[in-house]
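Structural description and commentary
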Number of protein chains: 4
Amino acid sequence: MSIPKMQALRKPRPEPGAQIESVEVPATRPGEVLVRVRAASICGTDLHIYHWDAWSASRLRPPLTFGHEFCGVVEAVGEGVTRFAPGDRVTAEMHVACGHCRPCRAGQPHVCQNVRILGIDQDGCFAEFVRIPAGNLWKLDAGIPEHYAAIMDPLGNAVHSVLAGSIAGCTVAVTGCGPIGLMSIAVAKACGCSTLYATEISPHRAKLASEMGADLVLNPKETDAVARVLAETAGAGVDVLLEMSGNPAAIRQGLKMLRPGGRASLLGIPAEPVTLDLLEDVIFKGATVQGIYGRRMFETWLQMSALLRDGRLNLEPLFKERLRLGEYAQAFRLLEQGAAGKVILLPDGV
Amino acid sequence: MSIPKMQALRKPRPEPGAQIESVEVPATRPGEVLVRVRAASICGTDLHIYHWDAWSASRLRPPLTFGHEFCGVVEAVGEGVTRFAPGDRVTAEMHVACGHCRPCRAGQPHVCQNVRILGIDQDGCFAEFVRIPAGNLWKLDAGIPEHYAAIMDPLGNAVHSVLAGSIAGCTVAVTGCGPIGLMSIAVAKACGCSTLYATEISPHRAKLASEMGADLVLNPKETDAVARVLAETAGAGVDVLLEMSGNPAAIRQGLKMLRPGGRASLLGIPAEPVTLDLLEDVIFKGATVQGIYGRRMFETWLQMSALLRDGRLNLEPLFKERLRLGEYAQAFRLLEQGAAGKVILLPDGV
Amino acid sequence: MSIPKMQALRKPRPEPGAQIESVEVPATRPGEVLVRVRAASICGTDLHIYHWDAWSASRLRPPLTFGHEFCGVVEAVGEGVTRFAPGDRVTAEMHVACGHCRPCRAGQPHVCQNVRILGIDQDGCFAEFVRIPAGNLWKLDAGIPEHYAAIMDPLGNAVHSVLAGSIAGCTVAVTGCGPIGLMSIAVAKACGCSTLYATEISPHRAKLASEMGADLVLNPKETDAVARVLAETAGAGVDVLLEMSGNPAAIRQGLKMLRPGGRASLLGIPAEPVTLDLLEDVIFKGATVQGIYGRRMFETWLQMSALLRDGRLNLEPLFKERLRLGEYAQAFRLLEQGAAGKVILLPDGV
Amino acid sequence: MSIPKMQALRKPRPEPGAQIESVEVPATRPGEVLVRVRAASICGTDLHIYHWDAWSASRLRPPLTFGHEFCGVVEAVGEGVTRFAPGDRVTAEMHVACGHCRPCRAGQPHVCQNVRILGIDQDGCFAEFVRIPAGNLWKLDAGIPEHYAAIMDPLGNAVHSVLAGSIAGCTVAVTGCGPIGLMSIAVAKACGCSTLYATEISPHRAKLASEMGADLVLNPKETDAVARVLAETAGAGVDVLLEMSGNPAAIRQGLKMLRPGGRASLLGIPAEPVTLDLLEDVIFKGATVQGIYGRRMFETWLQMSALLRDGRLNLEPLFKERLRLGEYAQAFRLLEQGAAGKVILLPDGV
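Residues numbered from 1 in each chain as written. Chains lettered and ligands numbered in written order. Predicted model: local features only at pLDDT ≥ 70, side-chain atom pairs only at ≥ 80, totals over all residues. Heavy atoms only, no water.

What follows covers the overall build of chain A. Across its full length, chain A holds 12 helices and 19 strands. The C-alpha radius of gyration of chain A comes to 20 Å, within 12% of the 20 Å expected for a compact globule of 350 residues. Residue pairs in contact within chain A that sit at least 24 positions apart in sequence constitute 68% of those at least 6 positions apart. By element, 50% of the accessible surface of chain A is carried by carbon and sulfur atoms, the whole surface being about 12200 Å². In chain A, the 35 positive side-chain charges and the 36 negative ones have mean positions that sit 3 Å from each other. (Helix = DSSP H or I, 4+ residues; strand = E, 2+ residues; numbered from the N terminus. Rg over C-alpha atoms; globule rule 2.2 N^0.38 Å. Contact = heavy atoms within 4.5 Å. Areas by Shrake-Rupley, 256 points an atom, 1.4 Å probe, with all protein chains shown as cover. Lys, Arg positive; Asp, Glu negative; His and termini not counted. Charge placed at Lys NZ, Arg CZ, Asp CG, Glu CD.)

Next comes the structure, spelled out in structure tokens:
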């Protein structure tokens with residue numbers, strides 16, 4: 001009997017680039033589920049993989065099907081899987097935690113020390129089918145549209161950041177308005193935050209930030225953003241900082257905007273070590289600085305599903321092109337042009 | 001009628017040094033309490049004031065009686081003070097919060113934006129008498145010895161740090177074994193912490209760390225302390241970091257020792273900006289980094305009083321000389337020699 | 001010099017009833033502020049006082065000006081008051097905490113053991129002027145309308161209840177749709193809650209509950225509300241119970257609606273002991289049951305001010321008549337008819 | 001090939017009693033581990049099963065090997081199990097969570113809605129071998145003695161209760177000094193609690209409570225325990241109530257002993273509905289009442305392992321007889337005599 005084949009976007013060798021290949025549809029193993037991909041989305045990490053940066057070279061072991069943002073429909077379930085059935089609409093948490101390390105045992109599988117990420121350490125979702133451990137699969141509420149379902153991985157980053165502490169009635173600064181920064185604006189507003197200040201240097205992204213609900217968007221190249229936020233808050237600073245840029249200067253500015261006793265949630269990825277005025281901006285302030293990684297498994301998914309199901313989040317301004325999987329090169333180009341937005345990739349047959 | 005006089009250790013002018021002067025006993029004002037000092041203790045901050053460093057020059061307005069660690073007995077109470085009476089044994093929280101700024105209103109008066117510190121912004125306790133707002137006065141349990149009562153300010157820093165998150169059953173690293181670092185070892189152990197690793201370069205302080213209960217004391221000049229702690233914790237790292245040194249290298253090492261999902265409480269005061277591997281050591285780790293300043297008003301005081309009253313803390317190894325207030329020069333010299341310990345100053349007449 | 005007089009609604013003697021009297025305007029004492037009342041509102045407690053129930057008889061010491069919900073304008077400030085000035089628009093937290101008992105010292109002044117309530121233990125706001133300790137006064141944001149400002153005391157109860165734990169993305173049951181129950185619906189929705197179920201037997205209040213944002217309002221006299229909520233939540237139950245009725249049957253139903261691991265915040269005042277299935281509904285469920293009393297000082301006020309300032313709460317359906325202070329008898333009658341709503345009382349001269 | 005046999009203590013039919021039978025050693029299935037039992041311990045629940053009370057009749061489906069407290073050595077591991085190997089010393093969390101219900105997804109598998117308990121819903125540990133899902137197995141630290149390892153299930157109940165909120169520096173009341181109550185005394189003391197009051201009517205258990213570290217043990221049949229605890233705490237009440245009796249009167253007394261703003265953790269199992277003064281003892285107090293069930297998976301296990309490994313808990317007074325598995329009738333009789341203590345059962349061949 002011949003094994004069925006499928007189209008997949010692959011990194012064939014440890015070098016820049018990618019290509020569409022015909023590969024075997026993954027076998028359905030015990031405890032795992034085979035999902036037919038309906039829509040995938042591209043993460044900044046996928047651009048790094050495509051261009052084969054230092055991090056990619058150190059971590060990935062090609063050949064590999066990459067991609068880790070998607071939604072789809074269950075095609076087949078492996079032995080012992082009782083909670084999913086063919087036809088179920090699903091997405092997935094692509095970080096597979098080991099369940100045994102100390103963070104896992106302490107209820108923090110999102111920082112598992114032995115995590116395997118589908119689309120990075122194993123085959124991912126830029127294909128017609130993807131295989132997922134049943135425990136990582138997430139059934140979609142009927143009311144969640146497909147393009148929203150395809151981006152629940154990064155939306156989960158935003159929800160995790162916003163809800164990592166108090167938010168209702170809090171003033172907020174969002175530093176950096178890439179896709180996750182923009183989503184975090186919508187999420188914070190939906191959860192009752194008070195005045196929200198955003199910083200962003202791209203005029204296009206700044207405009208999107210306003211559309212997502214930011215009350216004041218500042219360009220730190222043109223304005224003393226710290227002075228302005230302090231002035232707006234009667235000298236106190238904001239209750240919550242959501243750092244979404246990874247830019248060292250933005251991190252420093254964000255911490256200067258934070259009030260004593262405030263909470264800073266850092267999600268942006270700095271490319272280098274960061275020099276901080278730790279004494280004034282953290283210690284004397286009695287600030288709480290949280291590293292944010294991934295999504296809480298699965299509190300974040302519950303929260304995010306509720307917000308989406310209830311129609312609390314208008315993310316339409318974020319969505320750009322819908323392209324076929326085979327048009328990946330065009331998709332990557334679009335994203336490199338820096339327009340914060342999500343490009344949806346559709347496999348053949350969808 | 002002549003106003004009574006008292007001896008006080010004063011910073012008379014904005015320059016190095018100090019001197020004993022005869023000044024008026026403070027008048028007892030409404031809502032305030034006059035306390036006869038029984039024993040005072042010297043903080044590292046007092047050394048900075050004595051030598052008149054840049055921070056002192058920027059903040060203090062001499063003439064001033066300095067000193068902010070003490071215990072005493074109520075001498076007289078001002079109008080409207082009903083909860084204290086002459087003869088009460090007391091100590092005090094010397095940070096006077098405004099009660100109206102946003103941190104105060106948010107239940108965080110320990111990071112009040114308008115704080116006035118007695119002994120820094122107003123006259124302090126290196127004198128025969130000190131005047132304290134009634135709300136800042138703390139009645140001492142009968143069983144707390146005088147020399148312990150005199151150091152509840154720095155002990156409160158240690159208690160605040162240790163109890164700023166979970167500690168029972170947690171592995172701990174203490175980086176830096178000055179007086180507050182040493183106290184934090186005793187406090188963490190009294191609160192049920194698990195294996196406690198300390199780092200310290202002074203052999204004398206390292207010995208004290210063991211006496212206070214550290215399970216393993218490492219000299220980072222001689223040992224790869226990070227590698228050792230990771231090895232001891234099966235590669236996981238510790239649950240809790242208590243950073244007590246302010247040394248940038250120690251801060252970096254401490255964060256490297258921390259497990260994913262762990263808690264870092266930073267109390268040590270860096271003299272300069274600190275460069276961190278924020279991505280690996282905080283963000284990807286999902287770590288929580290807390291700035292620790294002062295003492296929670298007054299949760300920390302309740303906790304600390306209970307630990308002292310119940311005899312849970314053996315701090316005897318910390319106590320060095322007892323000297324007369326007039327012997328202040330000798331006291332400061334002793335402390336500068338770097339032996340982590342507390343020198344008690346006794347006013348005349350005690 | 002004659003002391004100025006004002007009109008006040010008084011309980012002159014320990015018996016049912018009340019009357020308008022002409023009394024002296026309170027003197028402005030050190031640390032206190034005299035406020036000219038612009039609008040007051042009537043609490044259920046005021047009805048108890050008016051009718052002189054057992055609780056009133058055991059606690060109040062007439063003669064007394066009652067009333068504890070209001071807003072106004074600063075008329076004069078006492079000695080030592082620096083943060084308020086004549087003309088400031090204000091309201092107040094009417095629970096005056098002692099600052100020294102264990103709950104106060106532990107950061108929980110809202111459950112002070114020696115609390116004095118203005119309008120119950122001392123003269124309150126049903127008058128042209130009311131005197132407030134400066135620490136209890138709350139400056140109003142410019143954008144908050146007067147009738148909203150007059151009901152921040154009960155609105156604070158609702159905000160305290162809703163934000164006593166996680167709410168964003170949580171399913172919620174509100175049992176009892178009196179004024180605070182209705183406000184809690186609006187607050188929970190503004191803070192991103194998911195599906196909200198309310199129970200109420202009065203058709204009028206049920207209609208108001210829908211207007212405030214409840215997704216489904218059930219009449220427990222007509223429907224098996226527990227079965228319905230469990231069915232709607234796929235058998236799980238809700239994440240959060242807000243108990244606003246004080247009715248023993250409603251409390252039991254609410255706890256049956258709660259999911260394992262859920263949070264129940266109890267604010268409604270039962271008139272008698274309550275029999276609970278503690279084993280099934282609390283212990284085996286691992287539920288957290290919180291008593292809610294008053295408002296967090298002053299976290300709740302910060303949160304509530306932000307929600308009001310940002311226009312997040314539409315409370316218009318709650319407001320009924322505006323009457324003169326002298327029309328108090330009519331006001332009390334209106335409220336006794338059970339229409340959940342707030343009646344605003346206007347002193348003469350306003 | 002003949003299937004190997006083992007001795008097991010079984011409930012053969014739905015009726016009182018039990019008997020030793022020779023049954024097949026469980027087959028080692030994928031993802032599961034076969035453990036040779038070294039020592040088992042008897043829970044109060046086992047007595048209910050033995051006597052076949054109403055709860056047992058409603059839940060159990062005989063024939064069944066019961067028992068859910070034990071330690072042992074891995075005999076064989078099923079397919080896919082990589083983290084355990086024959087010879088590993090282990091114990092286990094016997095509550096098998098589904099991983100998919102809302103509490104599981106919300107990080108609260110200890111209140112899983114579909115939990116299966118080994119020894120109640122499936123075969124347990126009163127046998128020579130027991131089969132455990134790998135995710136529920138817990139590797140023992142080398143320093144933990146066998147008899148302590150055999151009682152980590154109930155010790156986990158105690159640790160879960162004590163560490164469900166702040167404990168260091170807190171005053172505590174423990175109502176009911178059965179085995180878990182006694183363990184909770186030792187745990188609270190090891191975690192730095194302040195004065196601990198215990199109530200117990202059995203003189204023998206009261207003596208044990210003192211041995212475990214209680215500062216004052218009161219017999220509520222002889223003393224007004226509430227009045228005494230209030231007097232001892234200057235009228236405030238205790239910070240923490242650990243309710244370990246399930247007795248309605250004790251629950252009411254415990255809540256009366258609790259200070260405003262305090263925490264009550266309820267673990268004892270009431271046999272009937274409980275009537276509470278909910279208004280005075282919970283609502284007006286702003287108390288937090290927590291149902292405690294099972295153990296946090298696996299935070300509690302980490303905490304408990306650390307406390308045991310570090311020798312922080314002296315539980316020797318709790319241990320009574322060691323008997324052979326075949327002497328079960330004698331063991332049950334011993335426990336029915338009400339001496340709070342743990343009886344260890346040893347299978348043949350150990």
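Attention now goes to helix α8 (residues 225–232) of chain A. Residues and elements named next belong to chain A. Restricting attention to buried positions, one finds in α8 the residues Ala225, Val226 and Val229. Mapping the buried residues of α8 onto a view down its axis gives an arc of 100°, with all of them on the same face. The inward-facing, buried residues of α8 abut β12 (196–199), β13 (216–218), β14 (238–243) and α9 (248–257). One or two residues past the end of α8 sits Ala234, with phi positive at roughly 55°. (Buried < 20%, exposed > 50% of the residue type's maximum accessible area, 1.4 Å probe, protein only. Arc of directions from axis to C-beta.)

On to the relation of the copies chain D and chain C. Rotating chain D by 180° and moving it 0.0 Å along the rotation axis overlays it on chain C with an RMSD of 0.0 Å. The operation mapping one copy onto its partner corresponds to a two-fold rotation axis. By C-alpha distance to the rotation axis, the residue of chain D lying nearest is Thr275 of chain D, at 2.0 Å. Most of the interface of chain D is mirrored in chain C: 100% of its interface residues are interface residues there too. (Least-squares fit on C-alpha atoms with pLDDT ≥ 70 in both.)

Here chain A sits on chain B after a turn of 180° about the axis and a move of 0.0 Å along it, with an RMSD of 0.0 Å. A share of 100% of the interface residues of chain A reappears at the interface of chain B, consistent with the copies meeting face to face through the same patch.

The next point concerns the pairing of strand β19 (residues 342–346) of chain D. All names here are of chain D. Judged by how many residues are buried, β19 sits mostly within the fold: five of five residues are covered. On β19, burial covers both faces: Lys342, Ile344 and Leu346 on one face and Val343 and Leu345 on the other are all buried. Here two bridges tie strand β3 (residues 32–41) to β19, and the two strands are oriented antiparallel to one another. The residue of β19 that forms the bridge with Ala40 is Leu345. Pairing of strand β18 (residues 319–324) with β19 involves four bridges; the strand directions are parallel. (Pairing = 2+ DSSP bridges.)

Bringing the environment of Ala158 of chain D into the picture now. Residues and elements named next belong to chain D. Along the chain, Ala158 falls in helix α5 (residues 152–162). Under the relative-accessibility criterion, Ala158 is labelled buried at 0%. For the pair Ala158 and Gly294, spaced 136 residues apart in sequence, the C-alpha to C-alpha distance is 9.4 Å. With sequence-adjacent residues up to four places away left out, Ala158 is seen in contact with Ile180, Met183 and Ser184.

A word on the nonpolar core. Residue and element names in this part refer to chain B. With 55 residues, the main nonpolar core has Leu155, Ile167, Ile185, Leu196, Leu313 and Leu315 as its most contacted residues. For this core, the element with the most residues is helix α6 (residues 179–190), which contributes seven residues. In contact with Leu155, not counting residues within four places along its chain, are Met183, Val187, Met304, Leu308, Leu313 and Leu315. (Core = buried A, V, L, I, M, F, W, Y, C linked by side-chain atoms within 4.5 Å.)

Right, let's talk about the state of the cysteines for a bit. Per the counting criterion, the structure on display carries zero disulfides over all chains. Looking at the unpaired Cys104 of chain C, the closest cysteine sulfur is the one in Cys101 of chain C, lying at 3.7 Å. Residue class for Cys104 of chain C comes out buried when judged on its relative accessible area of 11%. With no disulfide of its own, Cys177 of chain D has Cys193 of chain D as its nearest cysteine by sulfur position, at a separation of 13 Å. A residue is classified by how much of its surface remains accessible, and Cys177 of chain D, at 0% relative accessible area, is buried. (Disulfide = S-S within 2.5 Å.)

All names here are of chain D. Within the secondary structure, Asp281 is located in helix α10 (residues 278–283). Accessibility expressed as a relative area gives 5% for Asp281, which makes it buried. Within the structure, Asp281 has its side chain in polar contact with the side chain of Lys256 (distance 3.0 Å). If we skip the residues at most four places from it in the chain, Asp281 touches Arg252, Leu255, Lys256 and Ala287. (Polar contact = N/O pair within 3.5 Å; in protein donor to acceptor, adjacent residues only side chain to side chain.)

Of the residues lining the interface, 37 residues belong to chain D; the matching set on chain C comes to 37 residues. Summing both sides of the interface, chain D and chain C together bury roughly 3100 Å²; the carbon and sulfur share of this comes to 63%. For the interface between chain D and chain C, the tally reads two salt bridges. Notably, a salt bridge pairs Arg102 of chain C with Asp239 of chain D, separated by 2.6 Å at the nearest N-O pair. Summed over the shared surface of chain D and chain C, the number is 14 residue pairs in polar contact (both at pLDDT 80 or more). Within the residue set of the side of chain D that touches chain C, elements represented by two or more residues are α3 (102–105), β15 (258–266), β16 (274–276), α10 and β17 (288–291) of chain D. Partitioning the side of chain D that touches chain C into residue classes produces 22 nonpolar, 11 polar and four charged. (Buried area = accessible area lost by both parts, 1.4 Å probe. Salt bridge = Lys/Arg side-chain N within 4 Å of Asp/Glu carboxyl O. Nonpolar A, V, L, I, M, F, W, Y, C, P; charged D, E, K, R; others polar.)

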